[in-house]
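Summary of the model geometry
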Amino acid sequence: METYIPKVGFVSLGCPKAGSDSERILTQLRAEGYDISKSYQEADLVIVNTCGFIDSAIKESMDAIGEAVKKNGKVIVTGCLGAKKEIIEKEYPNLLAITGPHALNEVMTAIHSHLDKPHDPFNDLVPPQGVRLTPKHYAYLKISEGCNHRCSFCIIPSMRGDLVSRSIDDVMTEAEILVNSGVSEILVISQDTSAYGVDIKYRSGFWHGRPIKTKLYDLAEALGSLGVWIRMHYVYPYPHVDDIIPLMTEGIILPYLDVPFQHASPRILKLMKRPASAENNLLRINQWRKICPDIAIRSTFIVGFPGETDAEFEALLDFLKEAELDRVGCFKYSSVNGATANLLEGKVPEAIKENRLQRFMETQARISHKKLQAKVGKVFTVLVDSHEGNYAVARSMADAPDIDGKVYLRDGKLLKAGDFVDVKIDSYNQHDLFASPNV
């Protein structure tokens with residue numbers, strides 16, 4: 001008689017850090033013998049990993065929970081929105097369980113209480129690298145959980161807690177397993193990558209018998225020895241970040257830095273309670289470019305923060321023009337339940353926020369046009385992600401997956417995802433580059 005294997009459906013929402021949580025849950029499910037269902041109808045229960053950072057994310061998460069309840073009925077909710085249990089329970093009182101983020105054990109306990117664990121201890125159902133939501137050739141590597149800062153617009157610490165750094169040996173072991181599984185690019189993520197190790201006083205760990213400090217520079221240097229692309233995300237501009245720029249010049253890690261500056265006005269940054277807000281960011285950017293001329297800098301900004309004046313917004317545009325950042329995202333300020341910024345005076349009308357967002361993006365579009373135009377005729381190494389017709393869709397060192405631009409390579413249908421290839425840039429459009437093989 002064939003043994004029935006319970007099936008679990010999974011919906012993963014939110015940022016790469018939430019995606020990393022999803023991968024750990026999925027890996028544990030497969031390790032215990034559960035099947036992963038691709039449909040609500042075939043699943044014995046459904047897990048929804050939510051995001052609760054801003055209002056639009058909360059709505060998306062609530063809608064996803066509603067869809068799972070309607071199409072299946074047996075639902076476990078986890079993730080950031082789960083930290084606001086009362087919001088979820090008010091609309092969906094009959095869920096199987098609700099947990100906060102980074103809650104593998106609680107999620108598995110809830111599953112075990114509703115689905116018997118399959119009995120098949122002789123089969124190894126999980127590859128060494130675990131179950132991943134990304135393509136096989138790149139992976140996110142989460143180095144810590146939580147954040148010690150209390151930015152006034154953010155509620156993440158209330159949901160994910162203070163900074164807890166993973167041990168350096170644990171991080172390096174996972175990274176090595178990923179490389180051995182065929183990963184060509186590792187994207188380092190956390191809430192605050194620059195603060196890695198501060199909670200454990202940068203204590204040393206051992207990897208292959210070699211002592212390594214639990215610190216950003218030492219981590220970057222060790223990861224760079226694995227021979228794949230290493231890309232740094234969520235790096236706050238603390239002074240010690242300068243130390244990793246030479247590693248980019250030497251080709252040890254990618255010349256790419258994701259730095260959430262958020263604004264250019266010292267007063268607004270102070271109201272935001274941003275870490276490193278007193279740093280002269282323009283000076284820092286210029287210094288980084290002197291050390292590593294090829295560095296690509298990505299950042300995010302908020303317009304319409306409470307109290308932002310016309311003059312402060314104009315100063316932000318001036319900063320943008322002078323900094324000439326490579327990749328930029330911008331958001332209109334929106335109040336988040338529980339954020340201290342809600343108490344600030346000087347709320348900016350929605351129409352003005354929308355106008356500022358449009359002007360900001362128009363300014364950055366002109367900068368991006370100039371940046372992309374300068375790449376025409378040059379040769380770059382790209383990493384192939386996928387195919388569209390006869391084109392191979394790839395990314396350069398300056399482009400992270402999903403959030404940055406793409407390089408469309410003509411006559412690339414024989415290339416495989418994960419291949420590196422040198423290309424010559426022929427043309428560009430608003431966001432992307434078009435290239436031919438460099439022969």
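Residues numbered from 1 in each chain as written. Predicted model: local features only at pLDDT ≥ 70, side-chain atom pairs only at ≥ 80, totals over all residues. Heavy atoms only, no water.

Things to note about the overall build of the chain
From N to C terminus, the chain includes 12 helices and 20 strands. What you see for the chain is a C-alpha radius of gyration of 23 Å, in line with the 22 Å of a compact globule of 439 residues. Structurally, the chain occupies a C-alpha span of about 70 × 60 × 50 Å along its principal axes. Across the 439 residues in the chain, those meeting the buried criterion constitute 53%. Of the charged side chains in the chain, 51 are positive and 57 negative; the average position of the first set lies 3 Å away from that of the second. (Helix = DSSP H or I, 4+ residues; strand = E, 2+ residues; numbered from the N terminus. Rg over C-alpha atoms; globule rule 2.2 N^0.38 Å. Buried < 20%, exposed > 50% of the residue type's maximum accessible area, 1.4 Å probe, protein only. Lys, Arg positive; Asp, Glu negative; His and termini not counted. Charge placed at Lys NZ, Arg CZ, Asp CG, Glu CD.)

A few points about the sheet that holds strand 20 (residues 433-437)
Here five strands make up a closed barrel; going around it, the order is 16-17-18-20-19 and the pairing mixed. Each neighbouring strand pair of the sheet contributes to a mean axis angle of 50 degrees, computed without reference to strand direction. Bridge count between strand 19 (residues 420-428) and strand 20: five bridges; the pairing is antiparallel. Paired with I425 across the two strands is A435, which belongs to strand 20. (Pairing = 2+ DSSP bridges. Axes fitted to C-alpha atoms, helices over the stretch in contact; angles between N-to-C directions.)

What to know about the pairing of strand 17 (residues 391-396)
Counted residue by residue, strand 17 has five buried out of six residues, so it is predominantly covered. Alignment of strand 16 (residues 379-388) against strand 17, held across six bridges, turns out to be antiparallel. From the neighbouring strand, S386 faces strand 17, where its bridge partner is V393. In this antiparallel pair of consecutive strands, strand 16 and strand 17, the connection spans two residues, and G389 shows a positive phi of 65 degrees. Relative to strand 18 (residues 407-409), strand 17 is paired through three bridges, and the arrangement is antiparallel. Residue pairing for strand 18: V393 is matched across the bridge by Y408.

Considering the confidence of the model for the chain
Averaged over all residues, the pLDDT of the chain equals 88, while 95% of them reach at least 70. Confidence scores differ between elements of the chain, with helix 5 (residues 156-160) showing the lowest mean pLDDT of 71 and helix 8 (residues 245-249) the highest of 97. Within the model, pLDDT remains below 50 along residues 121-125, and this stretch shows two contacts once partners closer than five positions in the same chain are excluded. (pLDDT = per-residue confidence, 0-100. Contact = heavy atoms within 4.5 Å.)

Remarks on helix 1 (residues 16-31)
Since one α-helical turn is 3.6 residues long, residues separated by three or four positions face the same way. Here helix 1 contains 16 residues, and its C-alpha end-to-end distance of 22 Å stays within 8% of the 22 Å for a straight helix at 1.5 Å per residue. Listed as buried for helix 1 are K17, A18, G19, S20, D21, S22, E23, I25, L26, L29 and R30. One or two positions beyond helix 1, positive phi appears at G33, with a value near 100 degrees. (Expected span 1.5 Å × (residues − 1).)

Some points on the nonpolar core
Of all hydrophobic cores here, the largest spans 54 residues; its most connected members are L257, W288 and F360. Residues contacting W288, with those up to four places away along its chain left out, are V241, D242, I245, L257, V259, F261, I295 and I297. Counting residues in each nonpolar core, the second largest holds 18 residues, with V11, L13, A43 and V75 among its members. (Core = buried A, V, L, I, M, F, W, Y, C linked by side-chain atoms within 4.5 Å.)

What to know about the packing of aromatic side chains
Going through the model one piece at a time under the given rule, you end up with 11 aromatic pairs. Linked through ring pairs, F261, F301, F319 and F360 together constitute an aromatic cluster. In this arrangement the basic side chain of K215 is found over the ring face of Y202, its NZ or CZ atom lying 4.9 Å from the centre. The residue whose ring lies beneath K375 is F380, and the NZ or CZ to ring-centre distance is 5.9 Å. (Phe/Tyr/Trp six-rings, centres within 6.5 Å; stacked < 30°, edge-to-face > 60°. Lys NZ or Arg CZ within 6 Å of the ring centre and 35° of its normal.)

Observations regarding the packing of helix 1 against helix 4 (residues 104-114)
Orientation of helix 1 relative to helix 4, taken along the N-to-C sense of each, is 40 degrees, at an axis distance of 10 Å. Relative to helix 4, helix 1 is oriented oblique. By crossing handedness, the relation of helix 1 to helix 4 is classed as right-handed. Here helix 1 contributes R24, I25, Q28 and L29 to the contact with helix 4, which in turn contributes L104, V107, M108 and I111. Looking at the contact of helix 1 with helix 4, its residues break down into six nonpolar, one polar and one charged. (Parallel < 35°, antiparallel > 145°, perpendicular 65-115°, else oblique. Left-handed = near helix turned anticlockwise from the far one by under 90°. Nonpolar A, V, L, I, M, F, W, Y, C, P; charged D, E, K, R; others polar.)

Notes on the pattern of salt bridges
As enumerated under the stated definition, the model contains 27 salt bridges in all. Of the charged contacts in the structure, one is a salt bridge between K142 and D21, with a shortest N-O distance of 2.7 Å. Placement of K142 in strand 6 (residues 138-142) and of D21 in helix 1 is noted, with a sequence separation of 121 residues between them. Relative accessible area serves as the criterion here: at 4%, K142 is assigned to the buried category. As a salt-bridge pair, R395 and E185 come within 2.6 Å of each other at their nearest N and O atoms. Here R395 is found in strand 17, whereas its partner E185 is found in strand 9 (residues 185-189), with 210 residues between them in sequence. R395 sits in the buried class, given a relative accessible area of 1%. (Salt bridge = Lys/Arg side-chain N within 4 Å of Asp/Glu carboxyl O.)

As for the packing of helix 6 (residues 168-180) against helix 7 (residues 216-224)
Remark: helix 6 packs on helix 7, axes separated minimally by 11 Å, with the N-to-C direction vectors making an angle of 25 degrees. Classified by the interaxial angle, the pair formed by helix 6 and helix 7 is roughly parallel. The handedness of the crossing between helix 6 and helix 7 is right-handed. Judged by residue contacts, I168, V171, M172 and A175 of helix 6 engage L219, A222 and L223 from helix 7. Here the residues of the contact of helix 6 with helix 7 are counted per class, giving seven nonpolar, no polar and no charged.

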